[in-house]
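A structural walkthrough
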Amino acid sequence: AFFWLVSLLLASLIWFISVHLSDREDAKLQYGLLVFGAAVSVLLQEAFRFAYFKLLKKADEGLATISEDGRSPISLRQMAYVSGLSFGIISGVFSVINILADSIGPGIVGIHGDSPYYFITSAFLTMALVLLHTFWGVIFFDACEKRRYWCLGLVVASHLLTSGLTFLNPWYEASLVPIFIITLCMGLWAFFTAGGSFRNILKCLSCKQEDDSRVMMYSALQVPFED
Amino acid sequence: MTELSAHLPQFQHGQLTENFPDNHLSNTNDNSERRRHDNSERRRNDNPESETNGQPQNNIQQVVEQDEEDDEELTLKYGAKHVIMLFVPVTLCMVVVVATIKSVSFYTRKDGQLIYTPFTEETETVGQRALNSILNAAIMISVIIVMTILLVVLYKYRCYKVIHGWLIISSLLLLFFFSFIYLGEVFKTYNVAMDYITVALMIWNFGVVGMICIHWKGPLRLQQAYLIMISALMALVFIKYLPEWTAWLILAVISVYDLVAVLCPKGPLRMLVETAQERNETLFPALIYSSTMIWLVNMAEEDPEAQRKASKNSTYDKQAPANQTQNEDAEADDGGFSQEWQQQRDNRIGPIESTPESRAAVQALPSNSQTSEDPEERGVKLGLGDFIFYSVLVGKASATASGDWNTTLACFVAILIGLCLTLLLLAIFKKALPALPISITFGLVFYFATDNLVQPFMDQLAFHQFYI
C-alpha cells in the first residue's frame, strides 16, 4: 500500500506540474493532461510493483537464511497475492472512499445531467479494480520470477487498457462490460499461474478426505542395535 | 520509544502524579521511543532486562547469554509478531480519534488556545501567522525541554515520591475529568438525554478501574485498552487546542527533539535510560504501552506534558506547549495530559511537577517479584507519547484536510510504515530508538503531498469517473 501511495504521489506531482505549466483555461488541454496523468500513474504503479517485487525477493532470501529449515515461512506466491491485494485495496479505497462519504449526505445524483448511476457504477468499477490488482499482482510476480517478460508486458498493457476503458465513462456499456471481461480473464490466468487446475477445483468441491500419503519410516524409530 | 530492555522508565503520558526524576516522556512519545530503544540498549549492556519486555523496568532481567545468531533469529522471528502487536493498538487509537473528530464537532471547534501557545493564528498576514506559529512551537518545545531536564534531575536525586504523586494525580485528572468532558460531548452530539447520577456512576467506575489497571494490577487487555483510551483523549485535546500551523510545527520539532534526546550522548532521555540502567531500575511502566505484560506494578509513566503542565499552571498566561518534552525521557511522554489538563490540574491542585526523577524514585522502590522472561513472551514497548503524537497527526489530517479521507488514509499508512521501519531498526540496532522521527516525517510528507498534490488529481479523476 505504501508503494502504491508513493507511486500515486509521484504521478500527482507530475500531473500537478504539468497543469501549472499549461494553460488553465483550455478545457481540451486539461482533459488531455488528465489522460496523460492517468497513463503516467498506471506506468508508475507497475514500476513500483516491480520495485516491491525486488524488495520482497531480497526479504525472502533473508528470511530463508535465518529460518530453521532453509525455506522462508512465506512463499513467493503468498507474497504476490498479498502485494496484489494491498495494491488493490489502497487503490480501491482511494478511488471510492470520498464518493462513499458523499453518498451519505443529502443530494441528488446526476442532477446536472450526469449519469444517475454514478454510485453503483463506481462501486462495480472499484470492485473490478481491486480484483484486477490482486490478479495482476499474482501474474506479475510469477512472470518476474520466471522471467517471462511478455507476461509482464501483457499485465501492464491490460492495466493501461482498463484505465483507458474508464475514460469512456459514462458510456457504461463500453467500459463496464469489457472491464469485467478483462477481470474474468485475468482471474483465470492468475488462477492457473498460481498452480490451480480443474482437478484442484474438483477436489476442493468434492470435499474428499485427502489420503495421507506420508509413510512413516519405521526404521527411523528403531532403537539402535546394541552390539 | 520502544525499548527492548526497558530499563529506563519510559513514561508516556503518564500519570503526572508521580514526579519521577526521569525525564520522562514529555508529551512526546519520546519516552515510548526511548523505551523501545531501551530494550535494545539493554541488550547491549547486558542488562538483566529482557528484550522487548513490555514490562516495567522493574524487571531487570539478565540478558540471556545466547549466541548472536540465536538472538538475531529470535528477534527477527518475533519481530514480525511484535510489529503486528503494535499495529493493532496504534490503529485502534487512531480509529478512535478519527471517529471522534468526524462525529463530535466539539473537537474541531475553536475554543481558544492553551497557555502554552499564546500567540494566535488569526492574523492579517501570512507572515505574521508564520511568525506566531513559530513562536508558539518554540515556547512549547522549550517547556518540554525544561520539563524533561527537570525530570532527569529529579530522577537523579531520587525524588521518587514526588513523581509518583504527580503521576497519580495526572492520571486521575485524565481518567475522570477528560473522559467526563468527552462523554458529555458525545451525548450532546447524539442528543442523548442523560442524568447526572448515571453519568457519575459511569465515570466513577471508568476512572477507578482505570486507575487500578494502570497503576496497579489488572488484566493485560484491560490495561492496554485504558492506555489506548487515555492516549486518544490526550490526542483529542491537542487537536482541539493547538492551532493548525503550530500543530504541524510542533510535530516536526518534537520528532527532531526526540531523535536528539534519545541518540545524543548528552540527551536527557538517554541520560535517563542510563541512570535507570545503572540503578537497575525499570522505567515507569504506566506511561508505556507494552504488548505483553508481565510485571505487576505499573509505575505511572512520566508525563512530560503533565509535568509541563504542572509548571505551566503557575503561569497561566504562557501557553507553553504541553507537549514540551521537558524531561526528555520522562517528558517525552506527558502521560497524555494535555496542557489544558495540566492547567486545570494546576489550578486545582497547584503546580505539581512530575519529573523524571520522581519517576525514577518511584521506580526505585522495591518492585514486586518479576516474572522470568520467557523469550516466547517478550513483547515490545511503545511509549504513550508516541501513540498520542501519531493520533494527533492523523486526527489533524482528518480534521483539516481538503482531501478528507484520502489524506487521513495516506497519513495512516505512512505512520504504520514508519513504525514498521523503526521496529526493524530496533531489531537491528538493539538499543533504545526514538519512535517518532521516521513515522512523523513520513506522516507529514504524506499529509502535505496528499493534500496539495494528490487530492486535486484524484478529484479530477473522480469527477470524470476515471480510474487509474
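Residues numbered from 1 in each chain as written. Chains lettered and ligands numbered in written order. Predicted model: local features only at pLDDT ≥ 70, side-chain atom pairs only at ≥ 80, totals over all residues. Heavy atoms only, no water.

A separate point is helix H2 (residues 27–66) of chain A. Taking 1.5 Å of rise per residue, the 40 residues of H2(A) would be expected to cover 58 Å, and the 58 Å separating its terminal C-alpha atoms lies within 8% of that figure. Taking the backbone nitrogen of A:Lys28 as reference, a side-chain oxygen 3.3 Å away marks A:Asp26 as the first, capping residue of H2(A). (Helix = DSSP H or I, 4+ residues; strand = E, 2+ residues; numbered from the N terminus. Expected span 1.5 Å × (residues − 1). Polar contact = N/O pair within 3.5 Å; in protein donor to acceptor, adjacent residues only side chain to side chain.)

Our focus in this paragraph is the UniProt feature "transmembrane region" (unreviewed entry) in chain B. UniProt feature "transmembrane region" (unreviewed entry): in the numbering of this structure it lies at residues 83–101, 134–155, 162–184, 196–214, 226–242, 248–264, 409–429 and 435–454 of chain B. Helix makes up 94% of residues 226–242 of chain B and strand 0%, with an end-to-end C-alpha separation of 24 Å. (UniProt positions renumbered as here; feature names shortened; annotations may be inferred.)

Turning next to the packing of aromatic side chains. Residues and elements named next belong to chain B. Evaluated as defined, the whole model comprises 28 aromatic pairs over all chains. A centroid spacing of 5.1 Å and a plane angle of 40° characterise the contact between Phe206 and Tyr226, whose relative ring orientation is tilted. Here Phe206 is found in helix H5 (residues 196–215), whereas its partner Tyr226 is found in helix H6 (residues 220–241), with 20 residues between them in sequence. On the accessibility criterion, Tyr226 (5% relative accessible area) is buried. Geometry around Phe106 places Lys240 over its ring, the cationic atom sitting 3.9 Å from the centre. Across the ring face of Tyr241, the terminal group of Lys240 is positioned such that the distance to the ring centre comes to 5.4 Å. (Phe/Tyr/Trp six-rings, centres within 6.5 Å; stacked < 30°, edge-to-face > 60°. Buried < 20%, exposed > 50% of the residue type's maximum accessible area, 1.4 Å probe, protein only. Lys NZ or Arg CZ within 6 Å of the ring centre and 35° of its normal.)

Before going further, it helps to spend a moment on empty space enclosed by the protein. All names here are of chain A. Under the counting rule described, the total for this entry stands at 1 cavity of 30 Å³ or more. What the largest cavity holds in volume is close to 40 Å³. Secondary-structure elements contributing two or more residues to the lining of the largest cavity are helix H4 (118–146) and helix H6 (172–193). The leading source of residues in the lining of the largest cavity is H4, at 3 residues. (1 Å grid on protein atoms, 1.4 Å probe; cavity = no way out; pocket = protein on both sides within 12 Å on 5 of 7 lines; lining within 4 Å. Points joined across faces, edges and corners; volume = space filled by probe spheres on them.)

With 30 residues of chain B at the interface, the matching set in chain A holds 40 residues. For the pair chain B and chain A, the summed buried surface comes to about 3100 Å²; carbon and sulfur atoms form 74% of the total. If you sort the residues of chain B by the area they bury against chain A, B:Gln465, B:Tyr467 and B:Ile468 come out on top, with a joint share of 28%. On inspection of chain B and its partner chain A, the count reaches 0 salt bridges. (Contact = heavy atoms within 4.5 Å. Buried area = accessible area lost by both parts, 1.4 Å probe. Salt bridge = Lys/Arg side-chain N within 4 Å of Asp/Glu carboxyl O.)

A few words now on the layout of surface pockets. In this structure, the second largest pocket occupies an estimated 960 Å³ of space. Lining the second largest pocket are 40 residues, with A:Ile99, A:Asp102, A:Tyr118, B:Ala462 and B:Phe463 sitting closest to its centre. Breaking the lining of the second largest pocket down by element, the ones donating at least two residues are helix H3 (76–104) and H4 of chain A together with helix H14 (436–464) of chain B. When the residues that make up the lining of the second largest pocket are grouped by side-chain class, the tally is 20 nonpolar, 16 polar and 4 charged. (Nonpolar A, V, L, I, M, F, W, Y, C, P; charged D, E, K, R; others polar.)

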